[in-house]
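# Structure assessment
Each chain, written out:
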Amino acid sequence: MEWASQLCENRGLGSKMTDSKYFTTTKKGEIFELKAELNSDKKEKKKEAVKKVIASMTVGKDVSALFPDVVNCMQTDNLELKKLVYLYLMNYAKSQPDMAIMAVNTFVKDCEDLNPLIRALAVRTMGCIRVDKITEYLCEPLRKCLKDEDPYVRKTAAVCVAKLHDINAQLVEDQGFLDTLKDLISDSNPMVVANAVAALSEIAESHPNSNLLDLNPQTINKLLTALNECTEWGQIFILDCLASYLPRDDRESQSICERVTPRLSHANSAVVLSAVKVLMKFMEMLPKDLDYYGTLLKKLAPPLVTLLSAEPELQYVALRNINLIVQKRPEILKHEMKVFFVKYNDPIYVKLEKLDIMIRLASQANIAQVLAELKEYATEVDVDFVRKAVRAIGRCAIKVEQSAERCVSTLLDLIQTKVNYVVQEAIVVIKDIFRKYPNKYESVIATLCENLDSLDEPEARAAMIWIVGEYAERIDNADELLESFLEGFHDESTQVQLQLLTAIVKLFLKKPTETQELVQQVLSLATQDSDNPDLRDRGYIYWRLLSTDPVAAKEVVLAEKPLISEETDLIEPTLLEELICHIGTLASVYHKPPSAFVEGSRGVQHKRLPPRAGSGESTESPDVGQSGPSEAPPAVIPSQGDLLGDLLNLDLAPPTATVPSVQPSMQMGAMDLLGGGLDSLMGDESDTPGGRTEVQSPQPYSDYSERELGGDIGGSPSMGAGLGAAPAAMPASLGGAPAVGGGLGDLFDLGGGVGMPTGSYVAPKTVWLLAMKAKGLEISGTFARRGGIIQMDLSLTNKAMSVMTDFAIQFNRNSFGLAPAGPLQVLTPLSPNQTIDVSLPLSTSGPVMKMEPLNNLQVAVKNNIDVFYFSCQYPLSLLFVEDGKMDRQVFLATWKDIPNDNEAQFQIKDIHLNSDVASNKLQGSNIFTIAKRTVEGQDMLYQSVKLTNGIWVLAEMRIQTGNPNYTLSIKCRAPEVCPFVYQCYELVLKN
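It should be emphasised that the depicted structure is a prediction, and the values quoted were computed from it without experimental measurement.

## Comments concerning the pattern of salt bridges
- Enumeration according to the criterion identifies 37 salt bridges in this entry.
- Between Arg248 and Glu252 there is a salt bridge, and its shortest N-O distance comes to 3.2 Å.
- Here Arg248 falls in the exposed class, since its relative accessible area comes to 52%.
- With a closest N to O distance of 3.3 Å, Lys561 and Glu470 form a salt bridge. Remark: Glu470 occurs in helix α27 (residues 458-470) and Lys561 occurs in the loop between α32 (550-557) and α33 (573-580); sequence separation between them is 91 residues.
- Judged by relative accessible area, which is 29%, Lys561 ranks as partly exposed.
- On the basis of relative accessible area, Glu470 is assigned to the buried category, the value being 17%.
- A cluster of three or more residues bridged by salt bridges with shared partners is formed by Arg387, Arg391, Glu425, Glu457 and Glu459.

As structure tokens, then:
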């Protein structure tokens, strides 16, 4: 606690070592005595009494009854006594808010004291008293302290603004303290600058879209100047702030790197890591053929190496960060392999981390010394370390092809040691080597078979069974070996049972005459005697394959296997980019994004690296992302592998029988699905009407349980029930209902009441998830906007043989924050061959991340069988709000204000409608006509659309009588929206 640390500070203020006596008293009923001493006329006696009170408070005694007496002691010139009273006040003000107001006058008076230490002390204490009644009285003293002549007072006041903002954000904004804080960035004192940056960063974290730190080249220059002169923690604040800046070009990027590089030689490891973070980020913008790029790579290695000479705990933090750096830029440390060699006295956690980095740095140039080291480690006494070392030898073989033979030879030497756990690990990695280099090292199989009896770990037994099954034709007694495993089939782990089943089926397909009895025995064990559904299913599939079409069975079971990849444990690229932006923080130690472990009301701001030099990405508007749609958008339904890696981290506990109640406190879309970057589409539009300025705090996905998937995804109970029931109550003809507003007599007064159901076009349902990819569950769907509510209409069909229950749905973060506004209401079990139609209300308050394409939505649906993933695309018209009709004058001014570069032109072909009918149709989908004029037989419609996140889209549509092709010009501050708006026009007008 802050007051406890200040207490230690106070003891150094003229106190003697005998202060410990205050903590040794065991007297009872001393409150009355202390009260008398606090009201004594003698200053020394008063001070002693306050010390006793603070000591009692420190050890947890309740001395709040003395509040008025202690507050009376504030009126003193003695700095030590004043500090002690302020400590007491900070601790008890919250429990005694009415009494605390008594101290306000003293604060105001102390803020004008001649002694800057007292002024700073007063303003610091003010910031720590979290009582609403008092805060408004503190604005004036704080304003004076922010402009104080003494830098010590100014730097303390800067931090006080952040504390005050945490208590009452609106008050701070109304009083103009944020502007004053921004002015302090230009202060002449570097510590004031550092504290101002720290305060603004703290405030910006809780308001991710507020753009408080409006960084520009001039501000950056001031920060870099202050960097050289402030304290180490001030330097960290400034470096972290620099890391969030996006340079305009590679020249500016190089200039910043040059001025940050000296921080790499700082004695404080936190400063070094913050500097590394800035350099890693800005290197993205430097062309690789630049001389300075090579120089920078060389400069980054020594400080990272130096961090490894610190104590073990610091080494571990450094190694976790180095692990990320090596995955991003292995060339930085490619010549520094030796510093990662393990020392005999390293703790196990440091050893394992070093081992991991050694493998990442392994290459043809250094593989000989790496293997020599790893062989040495395999004879150590620490079992966990030895296992990891043996596994590392296998990973080297897979990574560096030229070393594979040497690695296999090393592994055989280790098998000859007959040390049980070494042998078992060696067999596991040799299986992977066989997968990587088929038909190359099978000569060692005989040696492996000799150790069959010593295998007792499931992974090693499964690996050995796989080898026997895969190379059965080369092993004379393969049937005997597999039969020996079969004797204790029911005692084996599931992993071994599944492997044994597959191996015996492979053996039968290779030697059918000799092994018929064996295959029947294993199929019988797997299907009739086992209660494991995975094993039973696989057994039945093999049985049916073998009995109906042995040729097909051979093609399936003995199919050629894909080679395994070199690095299977690399961090997924988008997550790695985010973690690089968090070097030097807990995220870089956990290797998880902050959203995975930071809880609370604050939005976690996702970060990403700047676009690479020469990548063609726009650097002008970092929040808006790329300047246009990609030329070849990915398939609507990506392969399962694309989604599995980065969609959901679900805890699939057994399903509960009852549907949990919806928690009112659960915020819609509060789940963090990805841990990816928050690339808000509305970066430069937050000041527009209706613009969202804050993204809800994502919850850590480690806590994401089935209970939450079941019912808690929704908002409040009333919201879930009301929205869930709405579609059923609506008329069946809603999709084709006439547009609101009668006729086009006055084009400038289109549209009836906002929020009324309109005749917007609803696309027919399409299949989003095939039954063959979802264990019999087929999902078809479409999207609709009805009465201002976005809905996802789903048809769930059960094509499996078993009943499906416990349905739940979750969305990945997406461009417009779409999230379920209630649970998936499948109230009855879904029987085989049954179809249920369900309408899911959606909100737009979920987490935001720019998708490619922009309207892509990744979805996970869970039932009692499994979790299934699919991807679909929604029409952007879903997000066109009912109050999107812009005033004519505003339209004109906005059209002029949007740069011409943001204008896109499209042709809508084969439309046989006149301008009035077209306008009416478009209005049904919330595309409003502002004005119409006719020039030389050509109708010009001027239209506006507003999206749910506040983006305005303006359009001009030209319709020539007799010409079926319309010309559509679209202008928007976020130009990547334009092609999707054009698609909506085409969809609505053609249907």
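Having seen the structure, we can now continue with the description.
## Looking at the nonpolar core
- One finds Tyr88, Leu142 and Phe434 to be the most contacted residues of the largest nonpolar core, which totals 215 residues.
- If near-sequence neighbours (up to four positions away) are discounted, Tyr88 is found in contact with Val53, Ile54, Met57, Val63, Ser64, Leu66, Phe67 and Val70.
- Ranked by size, the runner-up nonpolar core spans 65 residues in total, among them Ile836, Leu840, Leu876 and Ile908.

## Here we look at helix α3 (residues 43-58)
- In a regular helix each residue adds 1.5 Å, so 16 residues correspond to 22 Å; α3 covers 22 Å between its end C-alpha atoms and thus fits that length.
- Residues of α3 that are buried include every one of Lys47, Ala49, Val50, Lys51, Val53, Ile54, Ala55, Ser56 and Met57, and no others.
- Of the residues trailing α3, Gly60 is marked for its positive phi of about 100°.

## Description of the pairing of strand β10 (residues 928-935)
- Strand direction decides the pairing type here: β10 and strand β11 (residues 938-946), joined by 7 bridges, are antiparallel. In the strand pairing of β11, Val935 is matched with Gln938.
- In this antiparallel pair of consecutive strands, β10 and β11, the connection spans 2 residues, and Glu936 shows a positive phi of 50°.

## Re the sheet that holds strand β5 (residues 819-820)
- The strand order β1-β2-β3-β6-β5 describes an open sheet built from 5 strands, whose pairing is antiparallel. At either margin of the open sheet sits one strand with a lone partner, and together these are β1 (766-769) and β5.
- Bridging between strand β2 (residues 777-786) and strand β3 (residues 789-798) involves 10 bridges; their strand directions are antiparallel. Within the sheet, the bridge partner assigned to Ser780 lies in β3 and is Ser795.

## Side note on the side chain of Thr219
- Mapped onto the fold, Thr219 is located in helix α15 (residues 217-227).
- Among residues more than four places away in sequence, those in contact with Thr219 are Ile185 and Asp214.

## Here we look at unusual backbone geometry
- In this structure, Pro853 follows Glu852 across a cis peptide bond, with omega equal to -5°.
- Mapped onto the secondary structure, Pro853 falls in the loop between β6 (835-843) and β7 (856-862).
- With phi around 60°, His591 is a residue other than glycine that occupies positive phi space.
- Within the secondary structure, His591 sits in the loop between α34 (586-590) and α35 (640-646).
- Phi angles above zero are rare outside glycine, and Asp910 is one such case at about 60°.
- Mapping Asp910 onto the fold places it in the loop between β9 (903-908) and α39 (915-923).

## What about the sheet that holds strand β12 (residues 952-960)?
- Here 5 strands make up an open sheet; going across it, the order is β9-β13-β12-β11-β10 and the pairing antiparallel. Strand pairing shows two members of the sheet lacking a second neighbour, β9 and β10, which therefore form its edges. Strand-to-strand twist of the sheet, defined as the mean angle between neighbouring strand axes without regard to direction, takes the value 20°.
- Where β11 meets β12, 9 bridges bridge the pair, whose relative direction is antiparallel. Within β12, the residue paired with Val945 across the bridge is Val953.

## A few points about the packing of helix α24 (residues 404-416) against helix α25 (residues 420-436)
- Contact geometry for α24 and α25: axes closest at 9 Å, N-to-C directions at 155°. Overall, the two elements α24 and α25 adopt an arrangement that is roughly antiparallel. As α24 runs across α25, the sense of the crossing is left-handed. Every residue of α25 that contacts α24 at Val408, Leu411, Leu414 and Ile415 is listed here: Val422, Val423, Ala426, Val429, Ile430 and Ile433.
- The residue inventory of the contact of α24 with α25, partitioned by class, reads 10 nonpolar, no polar and no charged.

Reading the values: rules and limits
Residues numbered from 1 in each chain as written. Predicted model: local features only at pLDDT ≥ 70, side-chain atom pairs only at ≥ 80, totals over all residues. Heavy atoms only, no water. Salt bridge = Lys/Arg side-chain N within 4 Å of Asp/Glu carboxyl O. Buried < 20%, exposed > 50% of the residue type's maximum accessible area, 1.4 Å probe, protein only. Helix = DSSP H or I, 4+ residues; strand = E, 2+ residues; numbered from the N terminus. Core = buried A, V, L, I, M, F, W, Y, C linked by side-chain atoms within 4.5 Å. Contact = heavy atoms within 4.5 Å. Expected span 1.5 Å × (residues − 1). Pairing = 2+ DSSP bridges. Axes fitted to C-alpha atoms, helices over the stretch in contact; angles between N-to-C directions. Parallel < 35°, antiparallel > 145°, perpendicular 65-115°, else oblique. Left-handed = near helix turned anticlockwise from the far one by under 90°. Nonpolar A, V, L, I, M, F, W, Y, C, P; charged D, E, K, R; others polar.

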